[in-house]
Amino acid sequence: MATSEILPDYENERIFERNRLPPRAYFLPEHTVLLNGRWRFDYASCPAKAPGASDELDGSTKIDVPGHWQLQGYGKPHYTNVQFPFPVDPPHVPSENPVGTYERDFHIPQKWSIDGELSYRLRFDGVDSAFHLFVNGVEVGYSQGSRNPAEFDITEFLNKGESKINKIRVQVYQWCDGSYIEDQDQWWLSGIFRDVHLIAFRKSGHIEDFTVQTHLDEQYKDAKLKLDIQYSLTSSAIVKIELCSPSPENKLVLSSEAFALDATSKEKSFEFDIANPLKWTAETPSLYHLSMVLSDDSKNLQTIRQQVGFRQVEIKNGNLTVNGKVILLNGANRHDHHPEHGRAVPLEFIRRDLILMKHHNINALRCSHYPSRPEIYSIANELGLYVMDEADLECHGFYDAIARPLEIPESEPYEDRKKLTFPQAAKFTTDNESWQAAYVERMRQMIHRDKNHPSIISWSLGNEAFYGQNHKAMYDWAKKVDPTRPIHYEGDVEAASADMFSYMYPAISDLVIKAKQEGDQFEKPIILCEYGHAMGTGPGALKEYQDAFRTHRRLQGGFIWEWADHGLSTITKDGKKFYAYGGDFGDFPNDGNFVMDGLCDSEHNPMPGLIEAKKVFQPVSIQKEGEELAITNLYDFISLEHLAATWTLSSFSTGASENVVASGVLQLPEIGAGSTTNIKLPGVEHVVHDSSEWWLTISLKLASTNVWAEVGHEIAWSQFSVNGEAGYEVISNPQSIDFPVLLDKRATYSISNSDLTFEFDKTTDEVTRWSVRGHDIFENGGGPQLTFWRAPTDNDIPEIAKYWNLFGLDAMQKQVRSCKQSIEADGTLQIVTRSWISPPILAWGFDTTTTYTINGDSSLKIHVRAEPRGPMPTTLPRFGLEMALSKLTRTVKWFGRGPGESYRDMKEAGKMGVWTNSVDGMFTNNAFPQENGNRTNTKWVHLLNSKGTGLAATLKPQAPAHDGGFDFSVQRHSAHELERAKHPYELEDSDRVLFRIDGSHHGLGTASCGPPTLEEHSLTCQILDFTVELTAVGL
């Protein structure tokens, strides 16, 4: 860079503020006016075309504050995950750097004048990406750091008095040098997106900042409350400090004498002994109420109130502990996102998010990858969530700037790619001294704003910013200012500047190796800052991760990626609503639907992955051990006295609804945190060993209402089969077909009588018609066909789907080699076909024998044996029979896991029971269409029309042999239609009913960003042997 070059503020890494006040703890003083609303607005393509300070804005053009201009008709949203959307040459940004100029008028409230002389400030809680501030035409200052606050003293720029109009102008730049270190995996959206306040403090005296810390004694019983205040006084004053116990008691715990404050000083420290306070944890979020009242001889000058939680966070014996106890983080990563407002998230939407987390047994929240809206931490304090607060720092895009010219394939192991690229990538900013002040400032901003929240148990130096000297500087500064919290940073692979080892998306086997490497003498724990990538249908193997966490002391859980999809609510030209992702706005380059990877959909409603996580995270383990129940309390601090336990004994038989035989209350003894107690198995005296299947269900629910859920909210459950599996034949003993009319033609074969019409195409090995008492079971000849394909899931697409495509599993064809039919000795009709099912081009396939048996009661049994031959794939997507049922089918009823979708490695949340759903309700509406809606461990399924008639089906696997039932799904669209569509609106309206009954499925895994399907959940290519029984119901 030439020394004579004069850079604008937004292209100078050493300038990240001008006249911005130092950061402080978040609180709003008594004198506060919220300036949100409709502001005048101008949009320019670059700074040179933006209005000058003296130029008037067109008053007719308005924009919402808070908000993003791309979501209000200016520019377009742009999504990238890693890559920068602009050329890489820090600190320079594109010449086409759109500028949004915001303007509004305000008055100083008249009532403020009675409070004496005030100093006035403007506070911005979030502006993306940088801005200059003007008041009444005069430049006040500059700020960058999109997710950090900016506060300016504007006293000298004001026109004071009730009738005086003041004008704020904020000139916001879409890009600044800070954009290089704000490359988080989210939409690039610009503007004033958090609250704007006019605030005022008395010049005669006010508390500027304060720091609250709690320290527990060695027994974690008694506490010291440490309070540091920074203040400004023109003359001496006093401060009175009070502490009240948690609601609803609100008893005075501490009522101090009036402490004198000297005007010649700027700070004072206090320390108070508190005898055995209630401790704050995520399980016991006990909050005391601290008040600080500043006054002089004549009046109160200021009152500040702050939540206080007595808790102590440490690394002890290599573990992260709270109040001396090891904790397990059942966490989720959460971005600020709203489907209509982007990162301008309403407070009630945030509170709903956190309550939903508590509903689903999530106890930890990582603010990825920046400090969230400031109020979120108070909500976490109240509800009980551990928080990892993360600095607004990521520069992952430098990876592509290095890796692409080196042509490093993505298939190369990640650790190898890191060694080749990360040191060079770090040189741009992370290991560049010129950027050190900007890095440290982001840590400084976060810690000072959020330091007083007990829910925050660790700070994070940012995300995916490689590692270098500037992280070391951040760590050193943070440890000096706040030694009470450990620090996280995944990019520091040696944990030199971190108090824990952190990893992203490791294979479970690799994770276990890491957990064992130092035996039991390790100094730092392992926490997964990201795992269980929840993109599309999935994630798989959450249970196996949790098993590893609970087995190895060093593994203390982590944070699932991520909480919610980031889709933006959009309308097609013909009026169809959908949730847009990368590329839908013509944004280039983009990373497509990688922004749709949440446990919730874009409206933040639970998806199947969240339901699975709730079950995996449940804080009580209930296991059957002989004639006893072993109940283990998995909480870290509390007993189970807040839960009410019940039991239900049910029997199930073919086609029938659940029969609740007996139920009752389960009296739980005292079970302390981490303890196991055995109690007698309830209800077994009612079990009858008949042809039914009997299940015992144990449920633990809240015994009383709390701040985040109503009484009766289910926390944990478990089920046990108490008499083994029953048989579920839907076809009775073979019966001869009465008075059959046989018609054997060259290409077809048919049999019929007064109750039955059955037609078969010999050339295609296909049932073309099956009619029972005048009712067609299949629609337009859509008889059962052996298929293997599934619409690739997001977790299939990166690797395994390409492999399956390579072997032609999406294009299998059938060659019928022979077809024979006969009337058997028992009077049934049997058709036996031999076929070769194989893809074009290749020389592998399945030698398949299919036997159709038509019974006298009009039922149909199909036995399939398929033996692979040739250079075959190692795995299959699935296998089973697909058929198109009558379009009159409306309802699906089944006995198996439900009510939602499940797969072999994502089925913990599925309860065994008899479930009923509409045909349309069987579909999981992913923002990116893919395989969905499967149900596992099914024993029988009925598909019925509005009159209750239709089809009953079951499947018995012989090879691969397994217990526990079959899989099935009901869809409106074929696998290929789902695969072709990129959004739900691209699927044409359909009244088809496509029924798929499967012997097995390949697991889901998390290979969209993480390990593939575990070997034990993989479907290997092997001999397939199964029998499907179909019979009419109600006809």
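Engineer: Help me understand the pairing of strand 50 (residues 813-823), please; the structure alone is not making it clear to me.
Structural biologist: Along any regular strand the residues' side chains alternate between the sheet's two faces. Where strand 50 meets strand 51 (residues 829-838), 10 bridges bridge the pair, whose relative direction is antiparallel. Within strand 51, the residue paired with valine 816 across the bridge is serine 835. Where strand 50 folds back onto strand 51 in an antiparallel hairpin, the turn is made up of five residues, including glycine 827, whose phi is positive at roughly 90°.

Engineer: How do you make sense of the layout of surface pockets when you look at a structure like this?
Structural biologist: Any empty space left between atoms is shown by rolling a water-sized probe over those atoms. There is about 1000 Å³ of room inside the second largest pocket. In terms of lining, the second largest pocket is formed by 39 residues, of which the most central are Ala282, Glu283, Thr284, Pro285 and Ile638. Split into classes, the residues belonging to the lining of the second largest pocket amount to 19 nonpolar, 13 polar and seven charged.

Engineer: How do you make sense of the environment of isoleucine 671 when you look at a structure like this?
Structural biologist: By the secondary structure assignment, isoleucine 671 is in the loop between strand 40 (659-666) and strand 41 (676-680). Isoleucine 671 sits in the buried class, given a relative accessible area of 1%. The spatial distance from the C-alpha of isoleucine 671 to the C-alpha of isoleucine 631 is 8.3 Å, given a sequence separation of 40 residues. Once you skip the residues sitting within four places of it in the chain, isoleucine 671 turns out to touch Ile631, Asn633, Ser639, Leu640 and Thr677.

Engineer: Just checking my understanding: could you explain the sheet that holds strand 32 (residues 501-504) for this structure?
Structural biologist: Think of a sheet as strands paired side by side through backbone hydrogen bonds, with each pair either parallel or antiparallel. If you walk across this open sheet you meet the eight strands as 31-30-29-28-27-34-33-32, and the pairing is parallel. The sheet terminates laterally at strand 31 (487-488) and strand 32, the two strands that pair on one side only. With two bridges joining them, strand 30 (residues 456-460) and strand 31 adopt parallel strand pairing. Bridging across to strand 31, serine 460 finds its partner in histidine 488. Of the strands in this sheet, strand 32, strand 33 (526-531) and strand 34 (555-560) touch helix 7 (residues 508-516), which is tilted by about 160° from strand 33. Here helix 8 (residues 542-551) sits on the sheet in contact with strand 27 (329-334), strand 33 and strand 34, set at roughly 165° to strand 33.

Engineer: Quick question: what am I supposed to make of the pattern of salt bridges here?
Structural biologist: Two side chains that carry opposite charge are able to pair once their charged atoms sit near each other. Going through the model one piece at a time under the given rule, you end up with 58 salt bridges. A salt bridge links lysine 224 to aspartate 273, with the shortest nitrogen-to-oxygen separation between them at 2.6 Å. Note that lysine 224 is positioned in strand 17 (residues 223-233) and aspartate 273 in strand 21 (residues 267-274), a separation of 49 residues in sequence. Among the ionic pairs, aspartate 755 bridges to arginine 773, the shortest N-O distance being 3.8 Å. Of this pair, aspartate 755 sits in the loop between strand 45 (748-752) and strand 46 (756-761) while arginine 773 sits in the loop between strand 47 (766-772) and strand 48 (775-776), placing them 18 residues apart in sequence. A relative accessible area of 32% places aspartate 755 in the partly exposed class. Given a relative accessible area of 36%, arginine 773 falls into the partly exposed group.

Engineer: What's the story with the sheet that holds strand 21 in this structure? I'm lost.
Structural biologist: Spatial strand order, 16-17-21: three strands in an open sheet with antiparallel pairing. At either end of the open sheet lies a strand with only one pairing partner, and these are strand 16 (205-216) and strand 21. Taking each pair of neighbouring strands and ignoring which way they run, the sheet shows an average axis angle of 20°.

Engineer: For this particular structure, what's the right way to read the nonpolar core?
Structural biologist: Soluble globular proteins tend to bury their nonpolar side chains together. Within the largest apolar cluster, 134 residues are counted, with the highest numbers of intra-cluster contacts made by Tyr386 and Met443. It is helix 1 (residues 347-359) that provides the largest number of residues to this core, a total of six residues. Not counting residues up to four positions away in its chain, the partners in contact with tyrosine 386 are Trp280, Thr281, Ala282, Val322, Ile327, Leu329, Asn363, Ala364, Leu365, Ser455, Ile457 and Phe637. Core analysis: the second largest hydrophobic core is formed by 60 residues, Ile737, Leu756, Val772 and Trp804 among them.

Engineer: When you look at the side chain of serine 771 in this model, what are you seeing that I'm missing?
Structural biologist: Mapped onto the secondary structure, serine 771 falls in strand 47. From its side chain, serine 771 meets the backbone nitrogen of histidine 775 in a polar contact 3.5 Å long. Ignoring sequence-local partners within four residues, the contact set of serine 771 consists of Asp755, Leu756, Thr757 and Asp776.

Engineer: Looking at this structure, how should I read helix 5 (residues 436-450)?
Structural biologist: Every α-helix carries 3.6 residues per turn, so stepping three or four residues along brings you back to the same face. The first and last C-alpha atoms of helix 5 sit 22 Å apart over 15 residues, in line with the 21 Å expected at 1.5 Å per residue. By the criterion of burial, helix 5 is predominantly enclosed, with 12 of the 15 residues buried. Against strand 7 (118-124), strand 16, helix 2 (376-383), strand 29 (386-390), strand 30 and helix 6 (469-481) lie the buried residues of helix 5.

Engineer: Just checking my understanding: could you explain unusual backbone geometry for this structure?
Structural biologist: A negative phi angle is the norm for most residues apart from glycine, just as the trans form is the norm for most peptide bonds. With omega at 5°, the peptide bond leading from valine 65 into proline 66 counts as cis. Along the polypeptide, proline 66 turns up in the loop between strand 4 (62-65) and strand 5 (78-80). The peptide bond linking glycine 898 to proline 899 adopts the cis configuration, its omega dihedral lying at 0°. Residue position: proline 899 is located in the loop between strand 55 (889-898) and strand 56 (911-918). Of note, the phi angle at asparagine 250 is positive, near 50°, even though the residue is not glycine. For aspartate 765, which is not a glycine, the phi torsion comes out positive at approximately 55°. Its location among the elements puts aspartate 765 in the loop between strand 46 and strand 47. Look at aspartate 765 and you get buried, because its relative accessible area is 1%.

Conventions and cut-offs
- Here the residue numbers are simple positions, counted from 1 along each chain's written sequence.
- For this predicted model, a pLDDT threshold of at least 70 governs which residues receive local features, and a threshold of 80 or more governs which side-chain atom pairs are given and counted, while totals over whole chains, interfaces and linings are taken from all residues.
- Side-chain measures were taken over the full set of non-hydrogen atoms in the model, leaving aside hydrogen atoms and water.
- Pairing between two strands requires that DSSP report at least two bridges joining them.
- Each helix corresponds to a stretch of at least 4 residues labelled H or I by DSSP, and each strand to a stretch of at least 2 residues labelled E; elements are numbered beginning at the N terminus.
- Only protein atoms enter the 1 Å grid used here. Points where a 1.4 Å probe fits but cannot escape make up a cavity, open sets with protein on both sides within 12 Å along at least five of seven lines make up a pocket, and a residue lines them when an atom lies within 4 Å of a point.
- Grid points are joined across faces, edges and corners, and a volume is the space filled by probe spheres set on the points.
- Just so you know the grouping, Ala, Val, Leu, Ile, Met, Phe, Trp, Tyr, Cys and Pro go in nonpolar, Asp, Glu, Lys and Arg go in charged, and all remaining residues, Gly too, go in polar.
- Relative accessibility thresholds used throughout: buried, under 20% of the residue-type maximum; exposed, over 50%; partly exposed, between the two (1.4 Å probe, protein chains only).
- By definition in these notes, contact holds between two residues if any of their heavy atoms fall within 4.5 Å.
- Under this scheme, a helix contributes an axis fitted over its contacting stretch, all axes are lines through C-alpha atoms, and angles between N-to-C directions fall in the 0 to 180 degree range.
- A pairing counts as a salt bridge when a side-chain nitrogen of Lys or Arg comes within 4 Å of a carboxyl oxygen of Asp or Glu.
- Each nonpolar core is a collection of buried residues, namely Ala, Val, Leu, Ile, Met, Phe, Trp, Tyr and Cys, held together in the definition by side-chain atoms within 4.5 Å.
- What qualifies as a polar contact is a pair of N or O atoms within 3.5 Å, subject to a donor-acceptor requirement within protein and to the restriction that residues adjacent in sequence count only when both atoms come from side chains.
- To estimate how far a helix should extend, the number of its residues minus one is multiplied by 1.5 Å.

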